[in-house]
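Here's the letter readout for the chains.
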Amino acid sequence: MNVGDEFVLDISSIAHGGHFVARHEGRVIFVRHAISGEKVKVRITEISKNFARGDAIEVINPSQHRISPACRFAKPDGCGGCDFQHIAPQAQRSFKAAIIKEQFKRLAKMDIDVEVEEVAPILGWRSRMEFTVSENRKISMFQARSNNLIEIDECKIAHESIKISELNSQKLPVGKKVDVAVGSDGKSVISIEGRENLTLVNQSVNGFEFSLTPESFWQSHVAAPKTLSDAVLKFAELRSGDHLYDLYSGVGLFASAALGIVGETGRITMIEESPNAVTDAKRNFANYPNVEIVEGKVERELKRFVKGDVVVIDPPRSGAGERVIRQILALSPRTLIYVACDPAALARDTEILERFDYSLDGLRAFDLFPMTQHIESVARFIRRG
């Protein structure tokens, strides 16, 4: 097998990472632009020792779930930003649920049932975009698993305030990153790599007003901040006077949602590593004396604390890991809420928590990245006994 070879293959299940699985002479091939149950012609794009990758370049027997992509750049050798534009949205969510179930069965040794909930809109949802400027000074996205740039003049998942045609009319610096962030007021802020930008992005969630530097992390889907905040609060079952820990807190989305519940007699401790996010959080929570904001790595800073009632964590894609989980459990919280952008990491950490007497008590999943393979989950763990 060589890169560029073409084979007619039957497509089976979906794999973590959004590719679909096929096999040829015993070798597993992860295929983009395919759907389970299809027969397709696959062009090999990458080969490793144990598997290969390829693109479906011709559909011989299409799935009932196949649709025409809304974006003309969503194709083999095209933009790598969307994985699933060729799949009907309801089927996308079913495949994502299958990924979560498979990861829990394999990594946590648990059989779970979960529905990936639709979150509107499914196009025009992305309020934050990062582009690269091509040699032609055009806005570009990377081809999947490649450094090749694909020049674009529109993006179907981008918020309507991200006007790519207007960006393309500017004389942008070749090779630089261009970030666009849209606030809840619909105003966009453009940041160009190497140029100072003092403009803040305004976001409003459940009555709390944020002013943020464009570099600080913020959920991309326009409905994600409220969707996730509401899910976290429902699972947390906070009480007046509680001490809440918001770990990997970013600018304090979940802390802001909890303020009115823990009240003035309660306490919120945020721990965040990013200096930009910490600066934003200190500005936005300046009038709340019961909120303390700690800058640093969670694994280093958390060991200074001895007790807590509820812990919310939103770790990076790699997950929290056993070291951080041990430190969290040393606080003896009655409830741990885990917000996860990777079901594999969530499943691995679930296995650790179950070993240390915290049971998975609830799980919700949200399609906050429509047309892509990404999934956001919120899990609730309670202390046994």
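Okay, so let's go over this structure. (Residues numbered from 1 in each chain as written. Predicted model: local features only at pLDDT ≥ 70, side-chain atom pairs only at ≥ 80, totals over all residues. Heavy atoms only, no water.)

Notes on the pattern of salt bridges
Phase 1 of the analysis: Considering all chains together, one arrives at 31 salt bridges under this definition.
Phase 2 of the analysis: The shortest N-O distance in the salt bridge between Arg43 and Asp77 comes to 4.0 Å. Placement of the pair is Arg43 in strand S4 (residues 39–47) and Asp77 in the loop between strand S5 (51–61) and helix H1 (89–108), with a sequence separation of 34 residues.
Phase 3 of the analysis: Residue class for Arg43 comes out partly exposed when judged on its relative accessible area of 30%. (Salt bridge = Lys/Arg side-chain N within 4 Å of Asp/Glu carboxyl O. Helix = DSSP H or I, 4+ residues; strand = E, 2+ residues; numbered from the N terminus. Buried < 20%, exposed > 50% of the residue type's maximum accessible area, 1.4 Å probe, protein only.)

Topic: the nonpolar core
Phase 1 of the analysis: In this structure, Ile100, Phe104, Leu247, Leu302, Ile313 and Ile328 are the most contacted members of the largest nonpolar core, which totals 57 residues.
Phase 2 of the analysis: Broken down by element, this core gets its largest block of residues, seven residues, from H1.
Phase 3 of the analysis: Each residue touching Ile328, except ones within four places of it in the same chain, is listed here: Leu247, Leu302, Val311, Ile313, Pro333 and Leu336.
Phase 4 of the analysis: In this structure, Leu238, Phe254, Val310 and Phe369 belong to the second largest nonpolar core, which totals 41 residues. (Core = buried A, V, L, I, M, F, W, Y, C linked by side-chain atoms within 4.5 Å. Contact = heavy atoms within 4.5 Å.)

Digging into the environment of Glu272
Phase 1 of the analysis: Mapping Glu272 onto the fold places it in strand S15 (residues 267–272).
Phase 2 of the analysis: Separated by 20 residues in the primary sequence, Glu272 and Gly252 place their C-alpha atoms 9.1 Å from one another.
Phase 3 of the analysis: Beyond its immediate chain neighbours, meaning those up to four positions away, Glu272 contacts Tyr248, Ser249, Gly250, Ala277, Val278, Val294, Glu295 and Gly296.
Phase 4 of the analysis: Engagement of the side chain of Glu272 in a polar contact is seen with the backbone nitrogen of Ser249, the distance being 3.4 Å. (Polar contact = N/O pair within 3.5 Å; in protein donor to acceptor, adjacent residues only side chain to side chain.)

Some words on unusual backbone geometry
Phase 1 of the analysis: A cis geometry characterises the amide bond from Ala120 onward to Pro121, with omega recorded as 0°.
Phase 2 of the analysis: Structurally, Pro121 can be placed in the loop between strand S6 (116–118) and strand S7 (128–133).
Phase 3 of the analysis: For Arg145, which is not glycine, the phi dihedral falls at a positive 50°.
Phase 4 of the analysis: Turning to its location among the elements, Arg145 is positioned in the loop between strand S8 (139–142) and strand S9 (149–151).
Phase 5 of the analysis: Residue Arg145 is classed as exposed on the basis of its relative accessible area of 54%.
Phase 6 of the analysis: Look at Tyr248: it is not a glycine, yet its phi comes out positive at around 55°.
Phase 7 of the analysis: Structurally, Tyr248 is set in the loop between strand S14 (243–247) and helix H4 (253–262).
Phase 8 of the analysis: For Tyr248, a relative accessible area of 18% corresponds to the buried category.

A look at the sheet that holds S7
Phase 1 of the analysis: Within the open sheet, the five strands sit side by side as S9-S8-S7-S10-S11. Their pairing is antiparallel. Only two strands of the sheet have a single partner each, and these edge strands are S9 and strand S11 (188–192). Averaged over all pairs of adjacent strands, the angle between strand axes in this sheet comes to 40°, irrespective of strand direction.
Phase 2 of the analysis: Where S8 and S9 come together, three bridges link them in antiparallel fashion. The partner of Met141 across the bridge, within S9, is Ile150. (Pairing = 2+ DSSP bridges. Axes fitted to C-alpha atoms, helices over the stretch in contact; angles between N-to-C directions.)

Some remarks on the state of the cysteines
As used here, a disulfide is simply a covalent bond connecting the sulfur atoms of two cysteines.
Phase 1 of the analysis: Evaluated as defined, the whole model comprises zero disulfides.
Phase 2 of the analysis: Just so you know, Cys71 is unpaired, no disulfide at all, and the nearest cysteine sulfur is the one on Cys155, 6.4 Å from it.
Phase 3 of the analysis: Considering cysteine sulfurs only, Cys155 is the nearest to Cys82, which forms no disulfide, with 6.1 Å between them. (Disulfide = S-S within 2.5 Å.)

Side note on the sheet that holds strand S3 (residues 27–32)
Phase 1 of the analysis: The mixed open sheet is built from five strands, whose spatial order is S1-S4-S5-S3-S2. Both outer strands of the open sheet, strand S1 (6–10) and strand S2 (20–24), are each paired with one neighbouring strand and no more. Pairwise comparison of adjacent strand axes, ignoring direction, gives a mean angle of 45° for this sheet.
Phase 2 of the analysis: As paired elements, S4 and S5 share eight bridges and run antiparallel to each other. Bridging from a neighbouring strand, Lys41 pairs with Glu58 of S5.

Quick look at the environment of Lys75
Phase 1 of the analysis: Residue placement: Lys75 occurs in the loop between S5 and H1.
Phase 2 of the analysis: Accessibility expressed as a relative area gives 45% for Lys75, which makes it partly exposed.
Phase 3 of the analysis: The spatial distance from the C-alpha of Lys75 to the C-alpha of His33 is 7.1 Å, given a sequence separation of 42 residues.

Describing the packing of helix H3 (residues 224–236) against H4
Phase 1 of the analysis: At a minimum axis separation of 9 Å, H3 and H4 run at an interaxial angle of 50°. Considering the angle they form, H3 stands oblique to H4. H4 is crossed by H3, and the crossing has right-handed handedness. Residues Pro225, Leu228, Ser229, Val232 and Leu233 of H3 touch H4, and the partners they reach there are Leu253, Phe254, Ala257, Ala258 and Ile261.
Phase 2 of the analysis: Partitioning the contact of H3 with H4 into residue classes produces nine nonpolar, one polar and no charged. (Parallel < 35°, antiparallel > 145°, perpendicular 65-115°, else oblique. Left-handed = near helix turned anticlockwise from the far one by under 90°. Nonpolar A, V, L, I, M, F, W, Y, C, P; charged D, E, K, R; others polar.)

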